[in-house]
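So you can see what is in the structure, the chains are spelled out below.
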Amino acid sequence: MSHSPRTTSSPPSTLANFLPLGLAKIAAVPFMRQAAAHLGMSPDLYRVIGTLEIAGAAGLLLGPASAPLGVAAAVGLALLMAAAVVVHLRHGDPPVRMLPAAVLTLAALAHAGVAVAAG
């Protein structure tokens, strides 16, 4: 019986969201500066959040080589996005403003679940 190593692949849609959004936060592009101001956050804090998003995306990319790293990255991104939902709720934003963060929370949790199940 042949055994092939189990790997998990990062959901392309999850990475496709975290990488450009994280980079946009780090670069403090105008729409990200506006979003930060809307939520009462400084551009520097938004850069920190962007850095965490990029680090999480990197962890997802490295996950197939190191399952614990991939799971940790997915859980970290899920926590980060769940915190974003809370910030939007506290700010009184309509559901449509928090929907992307909620969807990314679920996507990151799904990735962690798949990675844990794959062993």
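Starting from 1, residues in each chain are numbered consecutively following that chain's sequence as written. Restriction of local features to residues with pLDDT of at least 70 applies here, the model being predicted, together with a cutoff of 80 or more for giving and counting side-chain atom pairs; totals for whole chains, interfaces and linings are based on all residues. Note: side-chain values were computed over all heavy atoms of the structure, leaving out hydrogens and water.

## Details of the packing of helix α3 (residues 43-62) against helix α4 (residues 67-91)
Part 1 of the argument: Interaxial distance between α3 and α4 falls to 7 Å at its minimum, and their mutual angle equals 150 degrees. Classified by the angle their axes make, α3 and α4 are roughly antiparallel. Judged by the twist between their axes, the crossing of α3 over α4 is left-handed. For the pair α3 and α4, the contacting residues are Ile-49, Leu-52, Glu-53, Gly-56, Ala-57, Gly-59, Leu-60 and Leu-62 in the first and Leu-69, Gly-70, Ala-73, Ala-74, Leu-77, Leu-80 and Met-81 in the second.
Part 2 of the argument: Amino acid classes used here: Ala, Val, Leu, Ile, Met, Phe, Trp, Tyr, Cys and Pro are nonpolar; Asp, Glu, Lys and Arg are charged; the rest, including Gly, are polar. Grouping the amino acids of the contact of α3 with α4 by side-chain chemistry returns 11 nonpolar, 3 polar and 1 charged. Here an axis means a line fitted to C-alpha atoms, over the contact stretch when the element is a helix, while the angle between two N-to-C directions is reported on a 0 to 180 degree scale. Helix and strand labels come from DSSP, where a helix needs a run of H or I of at least four residues and a strand needs a run of E of at least two; each type is numbered from the N terminus. Throughout, the term roughly parallel applies to angles under 35 degrees, roughly antiparallel to angles over 145, roughly perpendicular to angles from 65 to 115, and oblique to all others. Here is the rule for handedness: rotate from the far helix to the near one, and if that takes an anticlockwise turn smaller than a right angle the crossing is left-handed, while a clockwise turn gives right-handed. The contact definition used throughout considers only heavy atoms, calling two residues in contact when any of these lie within 4.5 Å.

## Some points on a nonpolar patch on the surface
Part 1 of the argument: Two joining distances apply to patches: 9 Å for like charges and 5 Å for nonpolar side chains (Val, Leu, Ile, Met, Phe, Trp, Tyr), and every residue must have over 30% relative accessible area and no salt bridge. For the accessible areas, the method is Shrake-Rupley and the probe is 1.4 Å, while residue cover comes only from the protein chains on display. Salt bridge, as used here, is a side-chain nitrogen of Lys or Arg placed within 4 Å of a carboxyl oxygen of Asp or Glu. Nonpolar side chains collect at one region of the surface, where Leu-19, Leu-61, Leu-62 and Leu-69 lie side by side and expose about 340 Å² of accessible area between them.
Part 2 of the argument: Within the secondary structure layout, Leu-69 lies in helix α4.

## Regarding the confidence of the model for the protein chain
Part 1 of the argument: How sure the predictor is of each residue is captured by pLDDT, a score from 0 to 100. Looking at the protein chain, pLDDT values average 87 and 88% of them are 70 or higher.
Part 2 of the argument: Mean pLDDT across the elements of the protein chain bottoms out in helix α1 (residues 12-27) (84) and peaks in α4 (95).
Part 3 of the argument: A low-confidence stretch, residues 1-10 stays under pLDDT 50, and its non-local contacts, those more than four residues away or across chains, total 14 contacts.

## What to know about the layout of surface pockets
Part 1 of the argument: Points on a 1 Å grid, built from protein atoms alone, make a cavity when a 1.4 Å probe fits but cannot get out and make a pocket when they are open with protein on both sides within 12 Å along at least 5 of 7 lines; residues with an atom within 4 Å of a point are the lining residues. Grid points are joined across faces, edges and corners, and a volume is the space filled by probe spheres set on the points. What the largest pocket holds in volume is close to 540 Å³.
Part 2 of the argument: Those elements that provide at least two residues to the lining of the largest pocket are α1, α2 (30-38), α3, α4 and α5 (95-118).
Part 3 of the argument: Here the residues of the lining of the largest pocket sort into 18 nonpolar, 1 polar and 3 charged.

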